[in-house]
Amino acid sequence: MLRTDSQADLVFYNGKILTVDPDFSIQQAVAIQDHKILAVGSDQSISRFASDNTTQVNLNGKTVIPGFNDSHHHFMNRAARAYNGIRLDQFTSVPQIIDALLAKAKELGPGEVIISNAGCAAELLDEGRTPTLAELDRACPNNPVVLTFEDGRHTNTRMMELCGITKDLPNPTKGMIGRDPETGELTGVFAGTAQRLLLSKGSSATGDIGVFTEDQLYTAVLWAQRLANSAGITSIRNPSLQPYEMVAYQRLWQNQALTLRIAMDVNVDHVNLSVEELEKELGSWGIRPPFGDEWLRVNGVSELWVDQSTDGMLNSWSYSTLPLVGEGQVNYRGIQRLSCDKLNQICITLNKLGWRPLVHAGGDVAVDILLDAFAAADQVASLKGKRWVLDHAHYGQSRHIERVKGMDLVVAMQYHPYMYYPVFALYHSAERAAHLFPAKEWLDAGIMVAGGSDYSKIPASPFEGIYFFVSRQTKKWGLIGPEHAVSRQQALQMYTLNSAYLTFEESIKGSIEPGKLADIVILSGDYLTVPEEEILDLKPLATLVGGKVVYQDQDYDVKFPPNLVR
């Protein structure tokens, strides 16, 4: 029991506190002591925790929620690419992209490669197209350029010269080098396996993982975490981390420079290594999760792949439009990255070693295969209580629900269709794409579904995810699958408490309850009552991590003392 005479460092009162506790109770005030929640309740009950040394903030009816927890965000890699390149996800027109390239070329100087993050597609731009080769050449005649769009990588002439690519170079298997249909001249677009041609002759920083120094990673995270805080994000699970990336996180942790709580998932080469080699590698580390503290922890092994992304999801139906990776195939239904036997053996081995996998399975058949592999591991040693994770389940079906529940699995879903619905509709049909991420049925069945982004956007917007799951509206293409819409309460739980549960941290964060970490967000509007379309307009006025203000909107005129600001 907390002592009634405990003194709070900070009290927020006269507000609407959405606690996300088991009853989803709504309170008026919250008291914070050191880095934890001291008490939550009515204004009167919380006032006794205030003293002359307590900072008291009148919320004036503002809504307070737990900090957002992104359960699947390749944060460090996306931060490094955005910080060191240009931020395609921020642009809505071709001229904006050209202006950014001009500024970056001036910043870097001649000869330096200009890269980008991803998160943009022709459908998202006002012109309905991406920049042409001529436009890229005019903007950057002296800098190699490679931009990552949803349909592949777009380059200028200098980049193709750097990589030794000429118009006579044949298309690689399951890849396409863009050419003008009339003249045969190169267009600068590389799709499918042809993108690998851009990883040669000094241009390796254009890769999806990227080649960045520890200092570049460190600086990029310092920058990006503050943007994440501005979106109300206080925690992230970062999949697919290489050892050198984990070292950068460790350095941030050692310097007490983190304003985000990070759960790290270790990357292993599960495709090319044998099961025996994988076991030897993991066994030699001498650690196993959970390992770390509330700021930085090792969480699991990921991202293991059953199938591929949008153009390679393993489905029980044939694709409507054939992607490059399926070129020449009849009744193409996606790509299986691992044999069933190898996946089964990997899961059994990870279970034996005390590691839990977090596995990419998008198509409905991929989910079948994954659940078979998890069942094989479960037969050797029960998975109950281990919270093994099914990542994505884009096309999860009713037939999967009882198996997921039976093995006590956690599911991490994202809001890809909000931004990229046309890509799913193109390959899988509009009818199929309407049923992407059927979160309601799974939540209503008692499955723990955690929300995330998996985006290149810095910052990723939790309110875009919440809006999609609540409304089932896409960014520009209307409503899809309204029967799958969840309640506002469910959506908020997905992006707070459920994500904390995924990383075994629901006892210390994810809700506003006494004894938990003081990770909270003050909102500009009332999340529970604003019109549905205005959920997208909600923004944090202030974000606190561990009781310290890590972000404050310039128009929020509360004066916090220096000791409560990081």
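Residues numbered from 1 in each chain as written. Predicted model: local features only at pLDDT ≥ 70, side-chain atom pairs only at ≥ 80, totals over all residues. Heavy atoms only, no water.

Peer 1: Outline the packing of helix α12 (residues 416-428) against helix α15 (residues 462-471), listing residues and values.
Peer 2: Taken N-terminus to C-terminus, the directions of α12 and α15 make an angle of 70°; their axes are 9 Å apart at the nearest point. Here α15 runs roughly perpendicular to α12, going by the angle between their axes. On α15, the residues that touch Pro417, Tyr418 and Met419 of α12 are Glu464, Tyr467 and Phe468. Here the residues of the contact of α12 with α15 are counted per class, giving 5 nonpolar, no polar and 1 charged. (Axes fitted to C-alpha atoms, helices over the stretch in contact; angles between N-to-C directions. Helix = DSSP H or I, 4+ residues; strand = E, 2+ residues; numbered from the N terminus. Parallel < 35°, antiparallel > 145°, perpendicular 65-115°, else oblique. Contact = heavy atoms within 4.5 Å. Nonpolar A, V, L, I, M, F, W, Y, C, P; charged D, E, K, R; others polar.)

Peer 1: Account for the packing of helix α2 (residues 75-84) against helix α6 (residues 214-230), naming residues and giving values.
Peer 2: α6 packs onto α2 with a crossing angle of 100° between their chain directions and a minimal axis gap of 8 Å. Viewed along their axes, α2 and α6 adopt a mutual orientation that is roughly perpendicular. Contacts between α2 and α6 pair Phe75, Met76, Ala79, Ala80, Ala82, Tyr83 and Asn84 from the former with Gln216, Leu217, Thr219, Ala220, Val221, Trp223, Ala224, Gln225 and Ala228 from the latter. Class assignment of the residues belonging to the contact of α2 with α6 gives a composition of 12 nonpolar, 4 polar and no charged.

Peer 1: Lay out the confidence of the model for the protein in plain terms, naming residues and giving numbers.
Peer 2: Mean pLDDT over the protein works out to 94, with 97% of the residues at or above the 70 mark. The least confident element of the protein is helix α8 (residues 275-285), whose mean pLDDT is 90; the most confident is strand β7 (residues 63-66), at 99. In this model residues 201-209 is a low-confidence stretch, pLDDT under 50, and it forms 30 contacts with partners more than four residues away in sequence or in other chains. (pLDDT = per-residue confidence, 0-100.)

Peer 1: If you had to explain helix α3 (residues 94-108) to someone new, which residues and values would you point to?
Peer 2: Here α3 contains 15 residues, and its C-alpha end-to-end distance of 21 Å stays within 8% of the 21 Å for a straight helix at 1.5 Å per residue. If you check which residues of α3 are buried, you get Val94, Ile97, Ile98, Ala100, Leu101, Lys104 and Ala105. Here the buried residues of α3 occupy an arc of 160° about the axis, which is enough to place them on one side. In α3, the exposed residues that point more than 90 degrees away from the buried face are Asp99, Lys106 and Glu107. Turning to α3, the residues buried within the fold contact α2, α4 (133-139) and β9 (146-149). (Expected span 1.5 Å × (residues − 1). Buried < 20%, exposed > 50% of the residue type's maximum accessible area, 1.4 Å probe, protein only. Arc of directions from axis to C-beta.)

Peer 1: Got a sec to walk through the side chain of Arg488? Specific residues and values, please.
Peer 2: Relative to the assigned elements, Arg488 resides in helix α16 (residues 488-494). Here Arg488 is buried and forms no salt bridge, its nearest opposite-charge partner Glu532 lying at an N-O distance of 5.2 Å. Setting aside chain neighbours within four positions, we find Arg488 in contact with Val470, Tyr527, Leu528, Thr529, Val530, Pro531, Glu532 and Ile535. (Lys, Arg positive; Asp, Glu negative; His and termini not counted. Salt bridge = Lys/Arg side-chain N within 4 Å of Asp/Glu carboxyl O.)

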